[in-house]
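# Fold and contact review
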Amino acid sequence: MITRKSKREIEMMHEAGKLLASVHKEIAKRMTPGITTKEIDDFVESYLADHGATPEQKGYSGYPYATCASVNDEICHGFPRDEKLVQGDIVTVDMVVNLNGGLADSAWTYVVGEADERTSKLLDVTKTSLYKGIEQAMPGNRIGDIGHAIQEYAEGEGYSVVRDFTGHGIGPTIHEEPHIPHFGLAGKGPRLKEGMVVTIEPMINEGAWQSKMDDNNWTARTVDGSRSAQYEHTIVIDKNGPIILTSQDD
Ligand code: MF3
Ligand code: CO
């Protein structure tokens, strides 16, 4: 069942989203060579506690950490660890914030230190593909319109789109219907309706789209060792167009 959220639920999710955006801005400042993803995870947990929030991912289906931290060829659900990040690594930090029962989900890819041209392009295209998907998230459009816009753009830039993980409905639990693939056909799939709250979270690879699973049964990485980037926002389908609940721009 695809639920539509009340004004009150959306307001609570927006408060969680603003807090999540502020966490990402703090992480951006700390993303320098020598830091570890475990240190980032610890920082997030204490920052959320200081702001009266909890990391919803921790314990979700047995996931052990507050954040997912996916480095270089890791696509998603990387485990935070003690290895030091080095200049040029790319790291996707993904988390779900629970503030007073309102949830918000947002992932962001960071470069450790300075980005070279190749890395900047991967990140720019991935971020732009997210916004191209969000543009399609209008009442009356269909779910396929979102994936189609993302795929057409990202593949046109020479990248591939991960198929094995999708965006999703969210609130009051992390993963709700519908699935939102980041590829597909325009005009296909369920219609988007006012009040739906969903994530859009394209994972874009430099090489092939296929993924393989690590022995930890969580972490997905590219089959060919190519790098993968991801940006994710939680959005509301509103009559006046999409509202980004996790925006870092305000
Ligand atoms: N934030 C992730 C997403 O975008 C959810 C991760 S599932 C967890 O869908 F178990 F790692 F929490
Ligand atoms: Co997420």
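Residues numbered from 1 in each chain as written. Chains lettered and ligands numbered in written order. Predicted model: local features only at pLDDT ≥ 70, side-chain atom pairs only at ≥ 80, totals over all residues. Heavy atoms only, no water.

Moving on, we get to the site of ligand 1. In the neighbourhood of ligand 1, 13 residues make up the surrounding shell, with Gln57, Asp105, His168, Glu201 and Glu232 lying closest. Note that a nitrogen atom of ligand 1 is positioned 3.0 Å from one of the side-chain N or O atoms of Asp105. Interatomic distance of 3.0 Å between a side-chain N/O atom of His175 and an oxygen atom of ligand 1. Computed on the free molecule, ligand 1 has an accessible area of 340 Å², of which 98% lies beneath the protein chains in the complex. (Near = heavy atom within 4 Å. Polar contact = N/O pair within 3.5 Å; in protein donor to acceptor, adjacent residues only side chain to side chain. Areas by Shrake-Rupley, 256 points an atom, 1.4 Å probe, with all protein chains shown as cover.)

With that out of the way, let us pick up the coordination of the cobalt ion (ligand 2). Taken together, the protein ligands of the cobalt ion (ligand 2) are Asp94 (OD), Asp94 (OD), Asp105 (OD) and Glu232 (OE), with distances of 2.0 to 2.6 Å. Geometry at the cobalt ion (ligand 2) is irregular, judged from its 6 donor atoms and the angles of 54 to 175° they form at the metal. For the cobalt ion (ligand 2), the donor residues sit on a single chain with the sequence spacing D-x10-D-x126-E. Placement of Asp105 in strand β5 (residues 102-111) and of Glu232 in the loop between β13 (228-230) and β14 (233-236) is noted, with a sequence separation of 127 residues between them. Side by side, Asp105 and Glu232 carry an identical accessibility label, which is buried. (Donors = N, O, S within 2.8 Å, 3.2 Å for Na, K, Ca; no water. Tetrahedral: all angles 85-135°; square planar, octahedral: opposite > 155°, others 65-115°. Helix = DSSP H or I, 4+ residues; strand = E, 2+ residues; numbered from the N terminus. Buried < 20%, exposed > 50% of the residue type's maximum accessible area, 1.4 Å probe, protein only.)

With that settled, consider the side chain of Thr37. Within the fold, Thr37 resides in helix α2 (residues 37-50). The buried category is assigned to Thr37, whose relative accessible area is 3%. A polar contact of 2.8 Å, which involves the side chain of Thr37, links it to the backbone nitrogen of Arg81.

The UniProt entry lists residues 11-238 under the feature "domain: Peptidase M24" (unreviewed entry), expressed in the numbering used here. As annotated, residues 11-238 comprises 29% helix and 26% strand, and the C-alpha atoms at either end are separated by 13 Å. (UniProt positions renumbered as here; feature names shortened; annotations may be inferred.)

Those residues carrying the UniProt feature "binding site: a divalent metal cation 1" (unreviewed entry) are Asp94, Asp105 and Glu232 in this numbering. In summary, the annotated positions, though distributed over 139 residues, converge in three dimensions, the widest C-alpha pair being only 8.1 Å. What makes Asp105 buried here is its relative accessible area of 3%. Ignoring sequence-local partners within four residues, the contact set of Asp105 consists of Leu20, Asp94, Met95, Val96, His168, Ile170, Thr199, Glu232, His233, Thr234 and Thr246. Side-chain polar atoms of Asp105 contact the side chain of His168, separated by 3.3 Å. Given the relative accessible area of 0%, Glu232 is considered buried. Those residues in contact with Glu232 that sit more than four places away from it in its chain are Asp94, Asp105, Ser106, Ala107, Leu130, His168, Thr199, Ile200, Glu201 and Thr246. (Contact = heavy atoms within 4.5 Å.)

Further remarks concern the packing of aromatic side chains. How two aromatic rings sit relative to each other is given by the distance of their centres and the angle of their planes. All chains considered together, the criterion is met by 6 aromatic pairs. Aromatic pair Tyr63 and Phe79: ring centres 5.6 Å apart, planes at 75°, arrangement edge-to-face. Of this pair, Tyr63 sits in the loop between β1 (53-55) and β2 (68-71) while Phe79 sits in the loop between β3 (74-76) and β4 (90-99), and the two are 16 residues apart along the sequence. Neither Tyr63 nor Phe79 differs from the other in exposure class; each is buried. Aromatic side chains Trp108 and Tyr231 sit 4.8 Å apart centroid to centroid with 85° between the ring planes, which places their arrangement in the edge-to-face category. Taken together, the residues Trp108 in strand β5 and Tyr231 in the loop between β13 and β14 connect sequence positions 123 residues apart. Accessibility classification places Trp108 together with Tyr231 in one group, the buried group. The rings of Tyr63, Tyr65, Phe79 and Trp218 are connected pair by pair, giving a single aromatic cluster. Against the face of Phe43 rests Arg30, its NZ or CZ located 3.9 Å from the ring centre. Stacked on the ring of Phe183, the Lys or Arg Arg163 has its end atom at 4.9 Å from the ring centre. (Phe/Tyr/Trp six-rings, centres within 6.5 Å; stacked < 30°, edge-to-face > 60°. Lys NZ or Arg CZ within 6 Å of the ring centre and 35° of its normal.)

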